[in-house]
Amino acid sequence: MAQSTNEPQGLVQLLLQPHILPFFLVALIYAAVKILDRTDVPKIKGLPEIPAPPIIGSLYELGDNHAKKAAEWSKKYGPVFQARLGNRRIIFANTFDSVKSLWITNQSALISRPTLHTFHTVVSSSEGFTIGTSPWDESCKARRKAAATALNRPAVQSYMPIIDYECTKSIKEMLVNSEFGKKDIDPNAYFQRFALSTSLTLNYGERIDGNINDAMLQEITHVEREISNFRSTANNWADYIPLLRLKPGGNTKALEYKKRRATYMYKLIDMLKQRIADGTDTPCITGHVLKDPEVKLNDAEVMSIGLSMVSAGLDTVPGNLIMCIAYLASPRGQDIQEQALAEINKVYPNNDAWERCLSEEKVPYITALVKETLRFWSVIPICLPRENIRDIKWGDAVIPKGTSFYMNAYGAHYDDTHFKAPWEFNPDRYMADTSVDDASATRGTPHYAYGAGSRMCIGAHLANRELYTAFLRLIVSFEILPPKEAKDRPILNCFGCNQLPNGLTMDPKPFKVGLKVRDRAMVDKWIFESEERTKDN
Ligand code: HEM
């Protein structure tokens, strides 16, 4: 016994000998680097790898714009490459066709989502994951199915009165706040309210009744924006370097936002339960899920659907809406507005487009404007991450199950082997009889703004209807003009306009536009008719 107690001391003394200590320290550092540098998935043979230093991997080089850097790398390393980000191995797909092969051809294998430390462990541990952040399992399947049914084409058509109400309310408020076209305005808050209030009404039967300064609107938009930054695959080094998780206070901000989110999410669901108990509830998705005995979801799953609905459309719908408005205000945008108005008037010569767009989508140029907006502005530059549940072959390489895949949607949208002049904002590329011969109108998937394949966005029909209605109504109501002051001009490229290119979704820098009312009496009439139609909503 006595001998074994002395053994470690003897070893320590030996290692501290001056002629051994330097070798020992080098060996120790080498072993530490080897352990810290191990990746979740070992290097994949036959797939180009971005050279990178140990431990941090490519994180530093990817810098403050992962999507742009990865697109640049793809020119040198090929459309699909592997990169080490800290201790994770990531497959990046950066071109239109490579995304199609991996996300669509291999969709049944690429159906899961990886978990990331900041979002899954710190922000979401007790409140449940959203559908878009859930790995694939029976619960995710059931939640996705319930939400997808509530958002399918016929269901979305039945929600058009909500879109009628919310769109009218936003346009009316813009009209008043711009003093009927005299003052330039920043369109952001109006469309954040439009998107959030639509989601809340659909999901909880609860809308934002106040104006754009409403406290609940401001709290939810702020908290969801911060949480979406915690979800970003590019913004949180602690997701990739476990040592950083030990930093004291590193989780304080994430925990604060988790608490603030829980406060309003529980409030919304408790208010709905109370209305159901009182028999005063109006039809809504969560109410349906709570009342239908066929839908077997537990409380956390019901909460997860609500969270998905509230968070999913909140940054994405307004981002697309306001950046399209920004483009329309530019000199080239004036021509697009003119063409759009002519196309609308061709289909609706009797000034009834404002109402008829609720029940039909008959102006192909506006549909093309929606698609081009989704492509050009790429508001989710790196799509929500995926994980494969089976091995996937790419050329000679076999990508083992359990590997993380990042779709560089920005890279695919600006892929000049697929889109002609991708840097130009040109809705004509999505018109069947187009002068732009890149055939985008007829080549299946028009863009990857909604992702692709087995976990593609389930809110796409709703989002498309929101965008179509808002664009059409804005164009028939206003001439959208550049702001009077140069400092208010929007930046018209998808990264320059973004306050945080490494965020999950685009966070547009503030800007203003002018809104010259085309025909005041007509706009007043349309607003009045919408208000009459929706007064009992
Ligand atoms: C312009 C607006 C929108 C854009 C650009 C957008 C984009 C996306 C993208 C890129 C994904 C990931 C798809 C993939 O991995 O392939 C996604 C997933 C999702 N979206 Fe959307 N979205 C929008 C609006 C909405 C709305 C309004 C809702 C619901 C009210 C919604 C609900 C969802 C849900 C639940 C998922 C997760 C699907 C899953 O993981 O299975 N989205 N969205």
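Residues numbered from 1 in each chain as written. Predicted model: local features only at pLDDT ≥ 70, side-chain atom pairs only at ≥ 80, totals over all residues. Heavy atoms only, no water.

Here we take up the overall build of the protein. Secondary structure assignment for the protein yields 20 helices and 8 strands. Computed over C-alpha atoms, the radius of gyration of the protein comes to 26 Å, within 12% of the 24 Å expected from 2.2 N^0.38 for 537 residues, which places it in the range of a compact globule. Across its three principal axes, the protein shows a C-alpha extent of roughly 100 × 60 × 45 Å. In the protein, which comprises 537 residues, the proportion classed as buried is 53%. Long-range pairs, those at least 24 residues apart, make up 74% of the contacts in the protein between residues at least 6 apart in sequence. Counting every atom, the protein has about 23900 Å² of accessible surface; 57% of that belongs to carbon and sulfur. (Helix = DSSP H or I, 4+ residues; strand = E, 2+ residues; numbered from the N terminus. Rg over C-alpha atoms; globule rule 2.2 N^0.38 Å. Buried < 20%, exposed > 50% of the residue type's maximum accessible area, 1.4 Å probe, protein only. Contact = heavy atoms within 4.5 Å. Areas by Shrake-Rupley, 256 points an atom, 1.4 Å probe, with all protein chains shown as cover.)

A separate point is the confidence of the model for the protein. Of the residues in the protein, 95% reach a pLDDT of 70 or more, and the chain-wide mean stands at 91. Note on the complex model: pTM 0.92, ipTM 0.99. (pLDDT = per-residue confidence, 0-100.)

The next subject is helix α15 (residues 331-347). Compared with the 24 Å implied by 1.5 Å per residue over 17 residues, the 25 Å span of α15 between its first and last C-alpha is a close match. Those residues of α15 that fall on the buried side of the exposure criterion are G333, I336, Q337, A340, L341, E343 and I344. Taken down its axis, α15 places every buried residue within 165 degrees of arc, on the same side. Turned more than 90 degrees away from the buried face of α15, the exposed residues are P331, E338 and K346. Those residues of α15 hidden inside the fold are in contact with α14 (299-328), α16 (353-356), α17 (364-377), α19 (460-477) and β7 (478-481). (Expected span 1.5 Å × (residues − 1). Arc of directions from axis to C-beta.)

The next subject is the sheet that holds strand β1 (residues 80-85). The mixed open sheet is built from 4 strands, whose spatial order is β1-β2-β6-β3. One side of each edge strand has no neighbouring strand; the edge strands of this open sheet are β1 and β3 (386-387). Packed on one face of the sheet, helix α4 (residues 66-77) meets β1 and β2 (88-93) and runs near 125 degrees to β1. Contacting β1, β2, β3 and β6 (404-407), helix α5 (residues 96-105) runs over the sheet at an angle of about 140 degrees to β6. (Pairing = 2+ DSSP bridges. Axes fitted to C-alpha atoms, helices over the stretch in contact; angles between N-to-C directions.)

It is worth spelling out empty space enclosed by the protein at this point. Across all of its chains, the model carries 4 cavities of 30 Å³ or more by this definition. Considered as a void within the structure, the largest cavity measures approximately 880 Å³ in volume. Of all the secondary-structure elements, those providing two or more residues to the lining of the largest cavity are α7 (138-150), α10 (188-204), α11 (215-231), α14, α18 (409-413) and α19. Tallying contributions element by element places α14 first for the lining of the largest cavity, with 10 residues. Its residues assigned to classes, the lining of the largest cavity comprises 25 nonpolar, 14 polar and 9 charged. Volume-wise, the second largest cavity comes out at about 80 Å³. Grouping the constituent residues of the lining of the second largest cavity by class yields 6 nonpolar, 3 polar and 2 charged. (1 Å grid on protein atoms, 1.4 Å probe; cavity = no way out; pocket = protein on both sides within 12 Å on 5 of 7 lines; lining within 4 Å. Points joined across faces, edges and corners; volume = space filled by probe spheres on them. Nonpolar A, V, L, I, M, F, W, Y, C, P; charged D, E, K, R; others polar.)

In terms of nonpolar packing, the biggest core is built from 155 residues, with L85, F92, W103, F191, I344, I366 and W377 touching the most fellow members. Examining the composition of this core, we find that 16 residues originate from one element, α14, more than from any other. Once residues lying within four places of it in the same chain are set aside, the contact partners of W377 are M323, C324, Y327, F425, I491, L492, N493, C494, C497 and M506. (Core = buried A, V, L, I, M, F, W, Y, C linked by side-chain atoms within 4.5 Å.)

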